[in-house]
Amino acid sequence: MLGKYDIIVVGGGHAGAEAAAAAANLGSNVLLITMNLTAIAEMSCNPAMGGVAKGQIVREIDALGGYSGIITDKTMIQFRMLNKSKGPAMWSPRAQSDRWLFSKEWRLELEKIPNLDFREDMVIRILTKDGRVIGVETSMGLEIFAGAVILTNGTFLNGIIYVGEKSFGGGRIGDKPSVGLTENLNSMGFESARLKTGTPVRIDGRSIDYSRLEEQKGDQVPGKFSFIDTPKLENQKSCWVAYTNKKVHDLLRTGFDRSPMFIGRIKGTGPRYCPSIEDKIDRFSHKDRHQLFVEPEGWDTVEVYLNGFSSSLPEDIQCKALVLIEGFENARIFRPGYAIEYDYFPPTQLKYTMETRLVEHLYFAGQINGTTGYEEAAAQGIMAGINANRKLNGLSDFILSRSDAYIGVLIDDLITKGVDEPYRMFTSRAEYRILLRQDNADLRLTPKGYEIGLASKERMMRVEDKRNRIDRLIEFIKKKSTLPEEINKYLTDRGTDKIKEKQKISNILLRPQVEIGGLIEAIPGFNEFLRKRNEFDKEVIEEAEIQLKYDRYISKEREVANKLSKMEDLKLPENFDYHKLPALSYEAREKLNRLQPNTIGHASRISGVSPADISVLLVYLGR
Amino acid sequence: MATKASEITGPDTICAIASPPGSGAIAMIRVSGPQSFSISEKIFSPSKKGLKISQAKTHTIHFGTIGDAGNLLDEVLMYIYKSPHSYTGEDAVEISCHGSLFIQQKIIELLLRHGCRLARPGEFTLRAYLNGKFDLSQAEAVADLIAANSQAAHDLALNQMRGGFSVKIKELRGKLIDFTSLLELELDFSEEDVEFADRKQLFKLLSSLKEEITRLIDSFSVGNVLKTGIPVAIIGKPNVGKSTLLNAILNEERAIVSEIPGTTRDIIEDTIIIDGVSFRFIDTAGIRKAKDEIEAMGIEKTYEKINQAKIILYVCDVSECLYDEIKGVVEDFKNHMKDTTKRWVLIGNKIDKLVSTPKDFRELVDLETIFVSAKRRENIHMLTSSLRLSVDEGQITDQTLVSNTRHYEALKKSLESLENVEQGFHDDIPTDLVTIDLKQALHYLGQITGEITTDEILGNIFGRFCIGK
C-alpha cells in the first residue's frame, strides 16, 4: 500500500522533473506519477536546449539549484553561444543534446534522490476536501494522499494527434493521451481551452546527402550551461542547413485540401513564431525558399530532426515534398511530422507561486499553463516545486520579480496577461533585459536559491568567490592608468582616437570599439597583474568587462527597476471584492476581481487598469 | 511599460494650474514636491535682493519676476509652504501670476523645463492624502475625485484633438512600431532566415520619426495656445445665416479673434474667449461646403467632423423652417453621434424677417431654441452666455490647456530619447543597449499614442517576417 506523501507530482516532463527534484531536495517526500517512466524529461520536439532568452532561463534554473543545465551539459553534442555580436544581454547559450541520453541522465539523477518515489500510472481525478487538495485517484483505481499536488500534464490532456486526414488520441506520438482529468478539473470550476503545436518529420540520416547541405559547426571553444563543474564538451557534432524550394512548396500545396489546419479540424491556436511549413508557405507566399536545419538526435543514432519542416499534412505529401529538397532526394523517414491539439488551463487562474486560486495546495506547471518549450516548462516546475514545499512547511512564498529573472517575467506574464497562443519567452518581453544576462544568473539567483536551501553551499561559495574576484579586477582596472605609447597602436587599429596623456584603463574600456582582451595584450602592467594574481579566469574577466563597459545602461535599468519594486512591495488584500470600490473604472473592477493581483505592481500591469485606478487603490490601502 | 505606477507616488515634483480653467485677472500655479524650492529659485528673481526661497520662512509671500535666461515672462507673487505645512504635506510653492492663457502656459512650460512633471488629475489631493493630511473617512471622497478627474482627462486625450493631428499621431505610432520591430527582430530572431534592416534604413526611419515629432512639438509651441478651446460646430442648411452668426458672435464679444490655419491646410478655425473660456469654432468652412450632404444627412464625413465638436449649434431660419423637419434632423444627428454628451443648441435665426409668430413657435420654444437675428446682432449675448453657462454647469469641460501641455511634455521627452537612440547608433553601441532609450521614447509617446506593448511589437514581427524553424 502506498503511504501518504507530502507532494505528488503528476507528469514526468521537464516541468515535472524539476518540480519533483526541487520539492524532494528541499525535504518533502515526493511521489512522481507519470504514464511512461522510460520517457522522463523526454525531448518531444527538437533535441536542443537554450537559444535566445531560453538559454538565459536554463542558466537561471541552474543558478537556483535545478538540474536542466547540468543534464544539458552532460548530454550535449554541440554548443553555440548565439548573438555573440550583440551586447552581453543578448548572448544566449544553445545546445544540441543527445535526446536519449538526456532523458536517461534525468532519470538517473532523480533516482539519486532518496525521498523521491516513482510510479507509472495515469491520474484521472484530483481529490479535494474543503477547498484544498488531499490527493489523487489513478486509472488503476488507487487513491494516493498528499499534502500538495503539482500537475504538469504537458500536451497530454485530451491530446489529439493529426497527420493529414488521420487523427487519433495521443499525448505524444507513441504515447496515450491523458483522459478524464480535464473534465474533473472543469467540474471543480477550472476553465480550460485548446492549443495546438506541431513537430516535423524524423529522418534516417543515412539517406541524406550531406555534401549538398551547409554545415553548421559548434563554437570552437564551447561554453556550458551549469555554473558548477560539469564535463567539458570535447567533440561536437554538426548541424546542417538545407533549403526548401518552389517545387517543394507547390507539392505541399497539393495537400492543403487535406490539411487538418486549413480545413478547420484543428480548432486550437498554434504558435505564430513556430509555424508549420504549410503555414509559412501560405502566409509568406512571396518567399521562394525556407531555411531548414538538420539536427542530429544523438551521438550514435542515425536519426535526425528536420527543424523548420513541422507539418500536419498527410504523410504521402510530406514524403513526396521531402525528396524534392536538395540533398534529400533519397530520404527515408522514421516517422512523419504531426500536429497535436491539447487542453490547457488559462494561467490567469494561478497565483505567483503557481498554486491555483481555486484549490489550495494544487499547483500547475508547464505546458498545462499554455506555454511552450522545455525551458519555460522546467522554470515553472522548479518554482512550483519550491513553493509547494514551502507552503506545506509554513514558509513564505518564493517569488522572483521581473527584474530578478526571466523566470519572474515568465510567471508574471502568465498570470497577469494569460496566453492566447503557446507562450514562448523572448528577450523583448523583459523590460530589464540588460540586468537579466546569462553571465550573471548565478550572481542574481544563487544567493536566493541558497537562502531557501535549494542551491548547495558549494554553489554559494563559488558565487561569493566569483564576486570577490570580479570586484578585485574591477578595482584594478579603475585605478590603473595606461600611457599613450602603450595603447595608441591598439586604439588606431580599432579605428578609434589616440590618447594624448595617460588615462585610466576603465575610461578607455568605455569606448565601443575597445575590448578587454585587446587592452590586456597591449598594456604590460595589466598583463602582468593578471599573470601574477592568476585568479582571473575567462568568466571573471568577461564579467568585469561587462560591468564596467555597460555600467551606464545597467545602472539606468536598475534605477527604474528599484523605483518599481516599491510598488511590488505594496500588498493588496487576498480575495478582495473590487466591486466595493465604485471609484474604480468598471473594467478595472472586473479585471481586478478576476485576477486578484497580490501587489500594486501586479495590478498596474493588468491591461485595463489605469494609473487613476492605481491611485484609487493606493488611497484604499491607506498607505 | 509599467512605469505608469511609479509616477503616482514617485518623489518627483509636480506642477499644475490650480485656478479655474481659462483666462482671468489672475491665475494660480501650484508646485509640490522635494524640488519645489530649487526649481523656483532657478526661474524666480525676487525683488528683494539676496532672498533665497529655500531659506525663506514658511507661509511668506514674495514679489518678483519669473522667466529664464533673461526672458522676463511676468511679475508674480510667490507663496512659500514648507513641509509638512502645505496642502500636500510636501514642500510647495504657489505662483500667483497674471491670468492670460499665454502666461499660464508659458510658466508651466518653464517649470517643466526645469524638472517639474505635470500633475496627474487629482494628484495634489492624492499626495495630501498619502501624507496623512486627511483621515481615512475622507478616502472615498478622494478616490471619487481621482476617478472623476481621470475620466475627464481621458475623454480629452484624443477626442478633442483635431482631425489632422490624430491622423499624424496614428502615423507616428505605426512608424514607431515598425522601427522597434526592426530592432527587436535583430535581437530575438537573429537566428532566423529573415532580412534584417541595414543601418541606413534604420537611420532613415529614425530621422523621419524625429521630424514627425518635431513638427508636432512646433504645432504645440506658444503662440498657438489659442488653438485650444472647446470645439463648437455651427451647422445648418444653406442660407440660414451661419457665417453671419459666427461674425456676430465674434463681434459681440470683441474678444481675441484669430484665424489660425490648422494642422491640415483646409481647416480654418476661429477662437474666441468668453469670460475666460475659449471656444473654438471648427471647420465651419467644411460644413458650409457640405450643405447638400447636410440635407441628405447620409454622408459619414459630415458626422465625423461634427463628432469632434463638444457643442453643436444647429441654425435654422425661423421664417421658413418647420418643426418636424428640425426635430427629424436633430434626431438623425443624435443617432449618428458616438458621444452622447454633446450639447445641442438650436438657433432660430432671422427673427428680423418675422412678420408674425412662426408656425411651429411653441414647439421650438420647447426645444430651448435661442431666437436671434444674426444680421442685426440681436440676442447674440443670449447665445454666448448659454455657451459659457454650459461650462459652468459642468456640461462641458475645458482642460485642453492641460492636456496639450501634457502632450507637449511627452513629445519633448520622447524626442530626447530618440536623439539618444541616434547617438547610440553613431557610437556603434550594441542594439540591445540602444533599445533602452527606445523604450523610453515608446513610454513617453504612449501617453499620446496609447501604450505600445511588447505583444504588439511581437505581433508586428510575426505578421511581417517569416519566423520559426
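Quick caveat: nothing in here was measured; it's all calculated off a predicted structure.

### A closer look at the overall build of chain B
Right, on to step 1. Assigned secondary structure in chain B consists of 17 helices and 14 strands.
Right, on to step 2. Burial statistics for chain B: of 469 residues in total, 42% are counted as buried.
Right, on to step 3. At a minimum sequence separation of 6, the contacts of chain B that also span at least 24 residues come to 68%.

### Some points on the overall build of chain A
Right, on to step 1. When you go through chain A residue by residue, the secondary structure sums to 21 helices and 22 strands.
Right, on to step 2. Compactness check: chain A gives a C-alpha radius of gyration of 26 Å against a globular reference of 25 Å for 623 residues, within 12% of the reference.
Right, on to step 3. With the C-alpha coordinates of chain A rotated into their principal frame, the extents come out at 80 × 70 × 50 Å.
Right, on to step 4. Within chain A, residue pairs in contact and separated by at least 24 positions form 72% of the contacts whose partners lie at least 6 positions apart.

### Quick word on the confidence of the model for chain B
Regions with low pLDDT should not have their predicted coordinates read in detail.
Residue and element names in this part refer to chain B.
Right, on to step 1. Of all residues in chain B, 67% attain a pLDDT of 70 or more, and the chain-wide mean is 73.
Right, on to step 2. At the level of individual helices and strands, chain B shows its lowest average pLDDT in strand β9 (residues 258–261), which scores 34, and its highest in strand β6 (residues 92–98), which scores 94.
Right, on to step 3. Taken as a whole, residues 253–268 scores under 50 in pLDDT and shows 34 contacts with residues more than four places along the chain or in a different chain.
Right, on to step 4. Both confidence scores are given for the complex: pTM 0.77, ipTM 0.84.

### Here's the deal with the sheet that holds strand β13 (residues 202–204) of chain A
Residues and elements named next belong to chain A.
Right, on to step 1. If you walk across this open sheet you meet the 6 strands as β14-β15-β16-β17-β13-β18, and the pairing is antiparallel. Edge positions in the open sheet fall to β14 (214–216) and β18 (333–335), since each of these has one partner strand only. Pairs of neighbouring strands in the sheet enclose a mean axial angle of 35°, with direction left out of account.
Right, on to step 2. Pairing of β13 with β18 involves 2 bridges; the strand directions are antiparallel. Pairing of arginine 202 across the sheet is with arginine 335, part of β18.

### Looking at the pairing of strand β5 (residues 71–81) of chain B
Residues and elements named next belong to chain B.
Right, on to step 1. The pairing of strand β4 (residues 60–68) with β5 spans 9 bridges and is classified as antiparallel. For isoleucine 66, the partnering residue across the bridge sits in β5 and is aspartate 74.
Right, on to step 2. Taking the residues that link successive antiparallel strands as the turn, the β4-β5 hairpin has 2 residues, and the phi of alanine 69 there is positive, at about 45°.
Right, on to step 3. Where β5 lies against β6, 5 bridges are found, and the strand directions are antiparallel. Looking at β6, one finds that tyrosine 79 is bridged to glutamate 94.

### Side note on helix α9 (residues 374–392) of chain A
Right, on to step 1. Helix length check: α9 of chain A (19 residues) gives 27 Å between terminal C-alpha atoms against 27 Å at 1.5 Å per residue, within 8%.
Right, on to step 2. Within α9 of chain A, 16 of the 19 residues are buried, which leaves the element mostly enclosed by the surrounding structure.

### Side note on the packing of helix α11 (residues 441–451) of chain A against helix α12 (residues 457–479) of chain A
Residue and element names in this part refer to chain A.
Right, on to step 1. Put simply, α11 and α12 touch, their axes get as near as 9 Å, and they point 145° apart. Of the two elements, α11 crosses α12, and the hand of that crossing is left-handed. For the pair α11 and α12, contact is made by Asp442, Leu443, Thr446, Pro447 and Tyr450 and by Arg459, Met460, Val463 and Arg467, respectively.
Right, on to step 2. Here the residues of the contact of α11 with α12 are counted per class, giving 5 nonpolar, 1 polar and 3 charged.

### Section: the domain arrangement of chain A
Right, on to step 1. The domains assigned to chain A are domain 1 (202–337), domain 2 (457–554) and domain 3 (570–621).
Right, on to step 2. Measuring from the centre of the C-alpha atoms in domain 1 of chain A to the corresponding centre in domain 3 of chain A gives 47 Å.

### Details of the environment of proline 11 of chain B
Right, on to step 1. For proline 11 of chain B, the location among the structural elements is in the loop between α1 (6–9) and β1 (14–17).
Right, on to step 2. Sequence separation of proline 11 of chain B and arginine 117 of chain B is 106 residues, and the distance between their C-alpha atoms is 11 Å.

### Quick look at the sheet that holds strand β3 (residues 48–50) of chain A
What links the strands of a sheet is backbone hydrogen bonding, and the strands pair in either a parallel or an antiparallel sense.
Residues and elements named next belong to chain A.
Right, on to step 1. Ordered by their spatial adjacency, 3 strands build an open sheet running β3-β5-β4, and the pairing between neighbours is antiparallel. Edge positions in the sheet fall to β3 and β4 (76–82), since each of these pairs with one other strand and no more. Between one strand and the next, the sheet's axes are offset by a mean angle of 20°, whatever the strand orientation.
Right, on to step 2. The pairing of β3 with strand β5 (residues 92–97) spans 3 bridges and is classified as antiparallel. Across the sheet, the residue bridging to alanine 48 is glutamine 96, located in β5.

### Let's talk about the nonpolar core
Right, on to step 1. One finds Ile8, Ala20, Val149 and Ile150 of chain A to be the most contacted residues of the largest nonpolar core, which totals 155 residues.
Right, on to step 2. For this core, the element with the highest residue contribution is α9 of chain A, accounting for 9 residues.
Right, on to step 3. Sequence-distant contacts of alanine 20 of chain A, that is, excluding residues within four places in its chain, are made with Val9, Val30, Leu32, Leu110, Leu116 and Gly385 of chain A.
Right, on to step 4. Formed by 32 residues, the second largest nonpolar core is a distinct cluster that contains Val232, Ala248, Phe279 and Leu383 of chain B.

### Considering helix α16 (residues 524–533) of chain A
Residues spaced three or four apart along an α-helix point in a common direction, a consequence of the helix completing one turn every 3.6 residues.
Right, on to step 1. A small share of α16 of chain A lies buried, amounting to 1 of its 10 residues.
Right, on to step 2. Of the residues flanking the end of α16 of chain A, it is asparagine 534 of chain A, one or two places downstream, whose phi is positive at about 45°.

Parameters at a glance
- Residues numbered from 1 in each chain as written.
- Chains lettered and ligands numbered in written order.
- Predicted model: local features only at pLDDT ≥ 70, side-chain atom pairs only at ≥ 80, totals over all residues.
- Helix = DSSP H or I, 4+ residues; strand = E, 2+ residues; numbered from the N terminus.
- Buried ≥ 20, exposed ≤ 12 C-beta atoms within 10 Å, placed from the backbone.
- Contact = placed C-beta atoms within 7 Å.
- Rg over C-alpha atoms; globule rule 2.2 N^0.38 Å.
- pLDDT = per-residue confidence, 0-100.
- Pairing = 2+ DSSP bridges.
- Axes fitted to C-alpha atoms, helices over the stretch in contact; angles between N-to-C directions.
- Expected span 1.5 Å × (residues − 1).
- Left-handed = near helix turned anticlockwise from the far one by under 90°.
- Nonpolar A, V, L, I, M, F, W, Y, C, P; charged D, E, K, R; others polar.
- Domains from an automatic or database assignment.
- Core = buried A, V, L, I, M, F, W, Y, C linked by C-beta atoms within 7 Å.

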